Every structure is written in structure tokens, then in C-alpha cells.
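Next come the chains, spelled out residue by residue.
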Amino acid sequence: MSGQVTLSGRHVLQIWDVTAGDWQGVNLAGLRFAVLAAGRENLAAENSHADQAVVYLPDQASHVQQRALVDWVKTRNPQLAAAHLQTRVVPISLTSSTNGAAFQAGAFVALRTAALGNCENRVCGESLWYQPSTPTSVFTVALNESSTIQEPLMKLTWEDFGKRSVFVARFGVTETASSHFVQSSDWCGASGVLF
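The rules behind the values
- Residues numbered from 1 in each chain as written.
- Predicted model: local features only at pLDDT ≥ 70, side-chain atom pairs only at ≥ 80, totals over all residues.
- Heavy atoms only, no water.
- Helix = DSSP H or I, 4+ residues; strand = E, 2+ residues; numbered from the N terminus.
- Buried < 20%, exposed > 50% of the residue type's maximum accessible area, 1.4 Å probe, protein only.
- Phe/Tyr/Trp six-rings, centres within 6.5 Å; stacked < 30°, edge-to-face > 60°.

A.B. asks: For this particular structure, what's the right way to read the environment of proline 78?
C.D. replies: Turning to its location among the elements, proline 78 is positioned in the loop between helix H2 (63–76) and strand S6 (84–90). Given a relative accessible area of 58%, proline 78 falls into the exposed group. Taking the C-alpha atoms as reference, proline 78 lies 7.6 Å from histidine 49; in sequence the two are 29 residues apart.

A.B. asks: Can you help me understand the packing of aromatic side chains in this one?
C.D. replies: By convention here, two paired aromatic rings are described through the distance between centres and the angle between planes. With the rule as written, the count across this model stands at four aromatic pairs. Between the aromatic rings of tryptophan 16 and phenylalanine 33, the centroid separation amounts to 4.9 Å while the plane-to-plane angle is 15°, which identifies the pairing as stacked. Highlighted residues: tryptophan 16 in strand S1 (residues 11–17) and phenylalanine 33 in strand S4 (residues 32–38), separated in sequence by 17 residues. Considered together, tryptophan 16 and phenylalanine 33 belong to a single accessibility category, that of buried residues. Residues tryptophan 16 and tryptophan 72 carry aromatic rings whose centres are separated by 5.6 Å and whose planes lie at 85° to one another, so their mutual orientation is edge-to-face. In this pair, tryptophan 16 is assigned in strand S1 and tryptophan 72 in helix H2, connecting sequence segments 56 residues apart. Comparing tryptophan 16 with tryptophan 72, the two get one shared label, buried.

Geometric values such as these leave the question of function open.
Here you go:
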């Protein structure tokens, strides 16, 4: 993560798994969607903005739900305010366990993560140089086992693996609280679910 601060960080993939809630009267519970954003500057930097983005919408959602998801993400994410925003309606899958998670958005995005192992003194020799770009109540770091993006709309091909470059976070009614970092083992707790 430290290398991304000054050398890269110009692409970000955000994935949401909505467990409950609605937006402007539209029920979004059970929907999963993602946003792939790209910018000329490090998107982790304060006041940075994406130049372009693709929103991956679930194919099982109604047209009204899809519009609500796009409106929600534009309203809640100031980085996308001036971005050229495009959408894709695709099959979306997300599975998770204490060992990690796997995400797929059609043939365009694939991500596999693994929970970090316990480190001596609960420190893995890395510093958190930045936090998740969306306000959260609690977050942890996971290992990017493999990520592949082939997005013609953005002329972007991206393959990465073996880096501690994934944030897993929760947000909701407590999102006004300051973000709090926890270890993966604390995150999973008794529920046994990483995401």
C-alpha cells in the first residue's frame, strides 16, 4: 500500500453488498454492484477526482433499482462528481468466508482476496497510508490474491496479485463515526464472514 501512495493508486474498484436499506423510496436490499474509477491523480489523495468510471449493475435488479443505485453512488461519492460515468448491466457474484472473498462482474472484473494471517505483535510491517475512500465505521485490510480487469469502455487492462491492497469495510447507520481499523480476525468474529 505504501508504494501506491506516490507511484500509482490511479484506479480503484469499489464493491458493495447491500444488506438492507433503500434510496429515495427504492428498496436496494440484497443487491450487489461495483464501480471502477480511473483518474490522472492518486484517487486516495484528499480532494482527488476520477476522470471516468463504470458502474456495474446487477442484471437481476429492476430498471428502477438500477437507476437508484447509480443515483446513490453519484450522490455519496464526491470523487465521481465530474467523472464521465458509464454503466454495464451484468451478472454479479460475490462469495465470502473467513478465508477471503471472490467477486465477478460479467467478463469485465474478477477479484479474489484472502484474509491476512496473524502477525507478530499484530503488526504486519506495513503502515496504512490512507483509508477507504467511502466513509466507513470499521475496516480491515485483505490480500489481493488476484484481480483482473478488462474494461474496453475505459481502455483499461489491469492484472494484479499478491499485494495487501484491498480494504474490506462496513458502513451504514454508524458511518458518521470515524473509521476504525481492525484485524481480519476481529472483523470476522463469530459470524465467520469476511465481507
